[in-house]
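# Structural overview
Now for the letters of each chain:
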Amino acid sequence: MTLSDYYSRVAPWLRARFSLDVRGVRLLRISLGVFALCDILMRATQAGGLHWHTSSQLDPVALFEVEDTPHRAWPHRMLFVRGSFWFTAVLFSIHGMLSVLFAIGWAPEAVAPLLWLSTAALHGRQESSHDGSDKLFRNALLWSCFLPLGGKPNGLGSSGNGARGADKAGVDDDGGNDNDHGNDGSAHNRVFGVGTIGYTLQVLFVYWGVVAQRVYHGPSWFGGDALYFVFAGDFAVRPLARVAAAFPRACRAMSLGALVHELLAPSLLLVFPLNNPLRALAVAGVVALHASIELLLHLPQWFFIGTITILPFWPRGSSPNKSLDRAASTSHNHAKPTVTTKICAG
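The following refers to the structure shown. (Residues numbered from 1 in each chain as written. Predicted model: local features only at pLDDT ≥ 70, side-chain atom pairs only at ≥ 80, totals over all residues. Heavy atoms only, no water.)

## A word on the side chain of arginine 279
- By the secondary structure assignment, arginine 279 is in the loop between α13 (248-271) and α14 (280-296).
- Residue arginine 279 is classed as buried on the basis of its relative accessible area of 0%.
- There is a polar contact of 2.7 Å between the side chain of arginine 279 and the backbone oxygen of arginine 17.
- Those residues within four positions of arginine 279 in sequence are excluded, and the remaining contacts are Ala16, Arg17, Ser19, Leu269, Phe272, Pro273, Leu274, Phe313 and Pro315. (Helix = DSSP H or I, 4+ residues; strand = E, 2+ residues; numbered from the N terminus. Buried < 20%, exposed > 50% of the residue type's maximum accessible area, 1.4 Å probe, protein only. Polar contact = N/O pair within 3.5 Å; in protein donor to acceptor, adjacent residues only side chain to side chain. Contact = heavy atoms within 4.5 Å.)

Here's what the structure looks like:
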């Protein structure tokens, strides 16, 4: 059996799990753009403001010495250069403009790599206040560079033109009947390629990686004491966590439950194909995970970026709230989406 024969067998399964609805991609673009704008505004208005990002050689009130950086290689020094206050203000302004252009859909395929590069440089100039949410945001922007953000399929993010036989047969690649594609347009609104595969794996490995790390550092998590120590500590703890810390047995149950939840909830994306109503369980499970963390710990960026990155997987054809679909469909005014994308049959 040749390699192409193996691919023809696995391709329908891959397309059904690693495709994205084009309206979900558009919703992702809007959400990431708004998040990027809010992020740069918060950085500019926090205590210390732009002085967190300036050079001590050019700004007398800079909060970091010019040598206080882990980046020693000259390409990094060029990318993460710190300058005067006004130089930093210009960089912040450019970043804000890119965020707005990305959110409104103005030439998004061209703006996406510029916004990603600007975000990487922004994070590299000042790393003391970053956490995993910034890395996830940056990586989501990177994978968005390979997605058809304007609604028009491209070479890396589209499903191509090869599955005409499947279309003519009236059978979707997840085994569903093609008769229900009229109102929802699910078969003609989906995209599949390097970008969708990479983005889906990125989201999955965020949670799988956390579980793997906790398995590696096993005793505190499998013994059930991990969350108790977190809640009894001082870092980012909310009042509800203090209450939970008074019940060690409940904390043990929550520790083990968190492990199972983080493993199973995102994994449902591989169990149920695109636009299967039960796929909503994966989205709701991840959102519930981040909501519960936000109730117990003050980590607001994790809640927002975790929710933003999982929303594109919501099964559009079965959405009980059509406002998400309408928002994603009507917000794109600069590049009209195409509804003629064919499904690749391998």
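Let us keep going from here.
## Brief notes about helix α15 (residues 300-310)
- Burial in α15 covers these residues: Ile305, Gly306, Thr307, Ile308, Thr309 and Ile310.
- In this fold, the buried residues of α15 make contact with α2 (22-45), α6 (132-144), α9 (194-216), α13 and α14.

## Thoughts on unusual backbone geometry
- In this model, alanine 236 sits at a positive phi of 55°, which is unusual for a non-glycine residue.
- Topologically, alanine 236 is positioned in the loop between α11 (226-232) and α12 (239-245).
- The exposure class of alanine 236 is buried, given its relative accessible area of 19%.
- Backbone geometry at asparagine 275 places phi at a positive 70°, although glycine is not the residue there.
- By the secondary structure assignment, asparagine 275 is in the loop between α13 and α14.
- What makes asparagine 275 buried here is its relative accessible area of 15%.

## Considerations on the layout of surface pockets
- Its boundaries defined by the atoms lining it, the largest pocket holds a volume of some 820 Å³.
- In terms of lining residues, the largest pocket is bounded by 26 residues, among which Arg214, Trp221, Glu262, Ile293 and Leu297 are the most central.
- Secondary structure elements with two or more residues in the lining of the largest pocket: α9, α11, α13 and α14.
- It is α14 that provides the largest number of residues to the lining of the largest pocket, a total of six residues.
- Here the residues of the lining of the largest pocket are counted per class, giving 18 nonpolar, six polar and two charged.
- Computed from the structure, the second largest pocket encloses a volume of approximately 530 Å³.
- Lining the second largest pocket are 21 residues, with Asp39, Met42, Ser133, Pro300 and Gln301 sitting closest to its centre.
- Elements with a contribution of two residues or more to the lining of the second largest pocket: α2, α6 and α15.
- The leading source of residues in the lining of the second largest pocket is α2, at seven residues.
- Across the lining of the second largest pocket, the residue classes break down as 10 nonpolar, seven polar and four charged. (1 Å grid on protein atoms, 1.4 Å probe; cavity = no way out; pocket = protein on both sides within 12 Å on 5 of 7 lines; lining within 4 Å. Points joined across faces, edges and corners; volume = space filled by probe spheres on them. Nonpolar A, V, L, I, M, F, W, Y, C, P; charged D, E, K, R; others polar.)

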